[in-house]
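# Chain and residue survey
Listed below are the residues making up each chain.
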Amino acid sequence: MAVLLGLLLMAAGLQLAGYDAAAAIGALWRGAFGSWYALTSATLVRAVPLIIIGLGIALAFRAGVLNIGAEGQFYAGAIAATWVGLHVAGRPAAVALPAVLAAAFLAGAAWVVVPVWLQLRYGVLEVISTLLLNFVAESLVSLMVQGPLQESQHIYPQSDPIAAAARLPVLPGTRLHAGLLLALLAAVGLWYVFGRTLWGFRLRAVGAGPRAAEISGRVDARRMMALALLGSGAVAGLAGGVEVTGVSYALFQNLSPGYGFTGIAVALLARLHPLGIVATGFLFGALEAGAGGMQREAGVPAVAVYVVEAIVILVVLLADAATRRQAAEAAA
Amino acid sequence: MSTPSSLALRGIRKRFGSVQALRGADFTLAPGELHALLGENGAGKTTLMHVAYGMVRPDAGEVTVDGVSRALASPRVARRLGIGMVHQHFTSVPAFTVAENVALAAGWPVAPGALRERVRTVADRFGLPLDPDARAGQLSVALKQRLEIVKALATETRILLLDEPTAVLAPGEAEELLRVVRAFTATGGAAVLITHKLDEALAAADRVTVLRQGSVVFSGPIAGQTSASLAAAMVGDEGRDGVRPPAAHREHAARDAVLVRLEELEVPRDSGYGIAVRRATLSIRAGEIVGIAAVEGNGQRELLRAVAGRLPPLRGRREVAGPVAFIPEDRTTEGLIPSLTLTENVVLGSRPDDPWIRRGRVDWKVARARTASLLAEFGVLAAGPDARAASLSGGNQQKLVAGRELARRPRVVVAENPTRGLDLRAAEAIHARLREAAAEGAAVLIYSSDLDEVLALADRVLAAARGLVSEVPPGATRAQIGELMVTGGR
């Protein structure tokens, strides 16, 4: 519903701006689903980082911690994955790959250590500290690709390709990599943690009512929120590791087209439900893949797709607010 | 200063949800007088003054200002009639300057130079020097309170309503404030002083009105009153029993096990600064219900939380048998989480040995079945275990919290204001559960801001005053209890 409305409004806007709206929508569709290659190598490849980051966001948001720094944590993971990936040449994939992904995971968590410490020690809002660290991470990437991690010719601002053993297996004939399985596994895992474990329930309770969680549930809310933020950073870092080992095989600037921010939308649109995030991640992956097709075929700027994304989110938020108001009125 | 004024409230009635806050209260304020308004928490003092200030529309009754009947639709209307109010909590904008805050309250235009002079004039006239350029957030507590008074007086105010203005002040600062109020009434203004400090009322006021459960139980000159007579009026003494003598089933108490033992316990304030409970020593035996009588803010809250294991003591010994059930005062922020389902709220209080917890996993089927049986057993009216806690009425929410806490057969039960805001039937149901828990051998500790509730439930009563806990002797009258609530027995 929301998606249809978003597409309609975008089409109307394009028509008014003098584009052929029907052709643009057609190109969007073909770019996302037009062929087996488009589905696997464009849509799904973009969906993977969005799903993983969305899961990380859900972990934090469900605990009431607003992690806006997934972009930076993604880059921290990508840097660590590249660095380790360059040093595992000659090792078997069974060692190299887990080592690279673990490095990305830990680097993402390390990237939120400072926000966690600032929050616990001085009460600095994590919204601000995690957001600001995004800029630090982006600068760090550009420092790395022009310094310690620059390719051996020292010409281009990017790293050498990582060792073959450190790359994720790819589906033959496509660019789709095993990161998709990892994302699906993570989604099911998080769903289990939230829904079936006491720890996951307590995390949700802290997010829904921190005072009650402490007084009635005897949960240490501050500790829980710190853990959630660390976990969230680790998952976003893992997404960066998956991107390097599955898609780019190297580190460069603008590795992420804003996955860390779109991931927040993906998570919110799924109402922070892990399995829902798989669906919304897929949807946003398709929109972003289709945007490329639209630009190539119909000459419509890819940013038009952000209009659709924004409208989808607004419609869903409005619907949520309306439902809540109805519930409140029913209760009163 | 200006024309004499008077305020009269007649037959004021006000109901909030299921709580009848005012039951036909009468109150008159003569020009030039300082009138103390006393009563226990929840007696309706603040509500009555909010009616006079146009913040609360009464369900019935008449407000007369200067002999003219008025419908006070808003504080703005009240201010125009010369009524100003100092609220219980600070109402200044911390980032604004003193002058800007006064302008905001008085509706003056913000023209820096003229405004500064205007504020200085008002402040000096009442002997309340204040720097107009200081940021409100950076003032000391005493100066913040001074700013509140200047704000209330800024607009030709002739009737000043003060809601516990000295609660936050040190003794010297409180005297200073009362001196200012006296100066105001000496020039023809009239003031109402809501306070819990009886000494203060006796020292400063001309007349006194005592509210009890929404009705005026005493109104007259302060001359001839004592803190004992005022305390008696506050808690009521007509025809009701004091602490009841030990009931027959309590006679074996000395043989029962001691389940709660505190020795010289010191507990910090919940806010983190200062000491709330001073060297409390007490013990509670199995089967005993101990009630605490206290005026709000005298350490009883922290004492209960320390016993319940929710607030770590600073020093002293604390021996409490487990499991402990805790029914916190605020059910919607501390007792349960409104956005979660009833089942989830039951799981919120989980312990590792609960049947629905298996090695860190939650078996929701078991938890749901348990919740369903809790709903039936405790008479919680709800659509079912999957309903959101927010969809329940206050009474049913409280029954759910009580059910969750008591169903585990706790050895110690701690309850804070367990029936606040509940209607009679719901309150009775909660009382019955607490008595049942005691009958089954639990040690029960309750605090209620309603002394009647404490007396109705407790086998033994303790009074808390300024962090000091004292034993109320068996058979004590309500007046004696009131005295202990004020003096702490020392």
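Residues numbered from 1 in each chain as written. Chains lettered and ligands numbered in written order. Predicted model: local features only at pLDDT ≥ 70, side-chain atom pairs only at ≥ 80, totals over all residues.

### Looking at the overall build of chain B
Heads up, the condition is: Strands are runs of DSSP state E lasting at least two residues, helices are runs of H or I lasting at least four, and both sets are numbered from the N terminus onward. Only C-alpha atoms enter the radius of gyration; for comparison, a globular chain is expected to reach 2.2 Å times N to the power 0.38, where N is the number of residues. Every C-beta atom is placed from the backbone, and the number of other C-beta atoms within 10 Å of a residue's own sets its class: buried at 20 or more, exposed at 12 or fewer, partly exposed in between. Any residue pair is listed as a contact if its two C-beta atoms, each placed from the backbone, are within 7 Å.
Per the secondary structure count, chain B includes 16 helices and 21 strands. Its C-alpha atoms give chain B a radius of gyration of 25 Å, near enough to 23 Å, the size a compact globule of 490 residues would have. On the principal axes, the C-alpha backbone points of chain B span a range of 70 × 50 × 45 Å. When burial is assessed residue by residue, chain B has 49% of its 490 residues classed as buried. Across chain B, the fraction of contacts at a sequence separation of at least 24, relative to all contacts at a separation of at least 6, is 70%.

### Quick look at the overall build of chain A
Helix and strand content of chain A: 14 helices and zero strands. For 332 residues, the compact-globule estimate of 2.2 N^0.38 gives 20 Å, and the C-alpha radius of gyration of chain A, at 21 Å, lies within 12% of that figure. Here the C-alpha coordinates of chain A stretch approximately 65 × 50 × 30 Å along the principal axes. Every one of the 332 residues in chain A was classed for burial, and the buried ones make up 52%. Contacts in chain A between residues at least 24 apart in sequence constitute 76% of all its contacts with a sequence separation of at least 6.

### Remarks on helix H8 (residues 179–196) of chain A
Residue and element names in this part refer to chain A. The criterion, for reference: Helices are assigned an expected span. That span is 1.5 Å times one less than the residue count. In this description, the arc belongs to the directions extending from the helix axis to the C-beta atoms.
With 18 residues, H8 extends 25 Å between its outermost C-alpha atoms, agreeing within 8% with the 26 Å of an ideal straight helix rising 1.5 Å per residue. Inspection of H8 places Gly179, Leu180, Leu182, Ala183, Ala186, Ala187 and Leu190 among the buried residues, and these make up the whole buried set. One side of H8 carries all its buried residues, which in axial view fall inside an arc of 155°. The exposed residues of H8 that point more than 90 degrees off its buried face are Leu181, Leu185 and Gly189.

### What about the sheet that holds strand E13 (residues 289–294) of chain B?
Residue and element names in this part refer to chain B. Rules: Any two strands are treated as partners once DSSP identifies two or more bridges connecting them. Between N-to-C directions, angles span 0 to 180 degrees; the directions come from axes that are lines fitted to C-alpha atoms, helices contributing only their stretch in contact.
Taken in spatial order, the six strands of this open sheet run E15-E18-E19-E13-E20-E21, and their pairing is mixed. Pairing within the sheet leaves two strands with one partner each, and these edge strands are strand E15 (324–327) and strand E21 (468–472). Direction aside, the axes of adjacent strands within the sheet are offset by 20° on average. Sheet topology note: the strand E20 (residues 460–465)/E21 ladder contains five bridges and is antiparallel. When the sheet's bridge partners are listed, Leu462 is paired in E21 with Glu471.

### A short note on the sheet that holds strand E5 (residues 68–70) of chain B
Residues and elements named next belong to chain B. Read from one edge of the open sheet, four strands run E2-E1-E4-E5, paired in antiparallel fashion. Of all strands in the sheet, those with a lone pairing partner are strand E2 (19–29) and E5, marking the two edges. Averaged over all neighbouring strand pairs, the angle between strand axes comes to 30°, with direction disregarded. As judged from the eight bridges shared by strand E1 (residues 7–16) and E2, these two strands associate in the antiparallel manner. Within the sheet, the bridge partner assigned to Ile12 lies in E2 and is Ala25.

### Thoughts on the interface of chain A and chain B
The criterion, for reference: Polar here means any residue outside two lists: the nonpolar Ala, Val, Leu, Ile, Met, Phe, Trp, Tyr, Cys and Pro, and the charged Asp, Glu, Lys and Arg; Gly therefore counts as polar.
Contact residues are listed per partner, giving 14 residues for chain A and 19 residues for chain B. Only helix H9 (198–208) and helix H10 (210–215) of chain A provide two or more residues apiece to the side of chain A that touches chain B. The biggest single contributor to the side of chain A that touches chain B is H9(A), with five residues. The residue inventory of the side of chain A that touches chain B, partitioned by class, reads eight nonpolar, four polar and two charged.

### Some points on the environment of Ala114(B)
Residue and element names in this part refer to chain B. When you line up the elements, Ala114 lands in helix H4 (residues 112–125). Judged by the 12 C-beta atoms lying within 10 Å of it, Ala114 falls in the exposed class. Taking C-alpha positions, Ala114 is 64 Å from Arg433, a pair spaced 319 residues apart along the chain.

### Things to note about the pairing of strand E10 (residues 215–221) of chain B
Along any regular strand the residues' side chains alternate between the sheet's two faces. All names here are of chain B. Of the pairings in the sheet, the one linking strand E9 (residues 207–212) to E10 comprises six bridges and is antiparallel in character. Residue pairing across strands places Arg212 opposite Ser215, the latter belonging to E10. Hairpin connection, E9 to E10: the antiparallel pair is bridged by two residues, and Gln213 has positive phi, about 50°.

### Looking at the nonpolar core
Operational definition: For this entry, the nonpolar core is defined as buried Ala, Val, Leu, Ile, Met, Phe, Trp, Tyr and Cys residues connected by C-beta atoms within 7 Å.
Of all hydrophobic cores here, the largest spans 267 residues; its most connected members are Ile52(A), Leu193(B), Val444(B) and Ala463(B). Setting aside residues no more than four positions away along its own chain, Leu193(B) makes contact with Leu34(B), His35(B), Ala36(B), Leu37(B), Leu162(B), Val181(B), Ala204(B) and Ala205(B).

### Regarding helix H3 (residues 98–106) of chain B
Note on helix geometry: an α-helix contains 3.6 residues per turn, so any two residues three or four positions apart are oriented the same way. Residue and element names in this part refer to chain B. The element H3 is extensively covered by neighbouring structure, given that eight of its nine residues are classed as buried. Taken together, the buried positions of H3 are occupied by Val98, Ala99, Glu100, Asn101, Val102, Ala103, Ala105 and Ala106. Considering only its buried residues, H3 is in contact with H4 and helix H5 (141–153). Of the residues trailing H3, Gly107 is marked for its positive phi of about 75°.

### Section: unusual backbone geometry
With omega at -5°, the peptide bond leading from Gly322(B) into Pro323(B) counts as cis. Structurally, the position occupied by Pro323(B) is in the loop between strand E14 (315–320) and E15. Backbone geometry at His154(A) places phi at a positive 55°, although glycine is not the residue there. On the secondary structure map, His154(A) appears in the loop between helix H7 (126–146) and H8. Residues other than glycine seldom take positive phi values, yet Glu264(B) does so here, at roughly 50°. You can see Glu264(B) is positioned in strand E11 (residues 258–268).

### Observations concerning the packing of helix H3 (residues 36–62) of chain A against helix H12 (residues 259–269) of chain A
Residue and element names in this part refer to chain A. Operational definition: Whether a crossing is left-handed or right-handed is set by the direction in which the near helix is turned from the far one by less than a right angle, anticlockwise for left-handed and clockwise for right-handed.
Relative orientation of the contacting elements H3 and H12 amounts to 65°, with a least axis distance of 8 Å. Of the two elements, H3 crosses H12, and the hand of that crossing is right-handed. The residues of H12 that touch H3, namely those facing Pro49, Leu50, Ile53, Gly54, Ile57, Ala58 and Phe61, are Tyr259, Gly260, Thr262, Gly263, Ile264, Val266 and Ala267. For the contact of H3 with H12, a count of residues per class yields 10 nonpolar, four polar and no charged.

### A short note on the environment of Gly56(A)
All names here are of chain A. Of note, Gly56 is situated in helix H3. Overall, the presence of 33 C-beta atoms within 10 Å leaves Gly56 in the buried class. Remark: the alpha-carbon pair of Gly56 and Ala2, spanning 54 residues in sequence, is separated by 24 Å. Setting aside chain neighbours within four positions, we find Gly56 in contact with Ala70, Ser232, Val235 and Ala236.

### Focus: the confidence of the model for chain B
Residues and elements named next belong to chain B. Spelled out, the test is: pLDDT is a residue-level measure of predictor confidence that goes from 0 to 100.
In the predicted model, chain B carries a mean pLDDT of 87, and 93% of its residues have values of at least 70. Low confidence marks residues 1–5, where pLDDT is under 50. Its contacts with residues over four positions away, or in another chain, come to 14 contacts. Both scores are given for the predicted complex: the pTM is 0.78, the ipTM 0.87.

### Focus: the packing of H3(B) against H4(B)
Residues and elements named next belong to chain B. Let me state the cut-off plainly: For this classification, under 35 degrees means roughly parallel, over 145 means roughly antiparallel, 65 to 115 means roughly perpendicular, and everything else is oblique.
Running from amino to carboxyl end, H3 crosses H4 at an angle of 80°, the nearest separation of the two axes being 9 Å. By the angle between their directions, the pair H3 and H4 is classed as roughly perpendicular. Note on element contacts: H4 touches H3 through Leu115, Arg116 and Val119, opposite Val98, Ala99, Val102 and Ala103. Residues that form the contact of H3 with H4 fall into these classes: six nonpolar, no polar and one charged.

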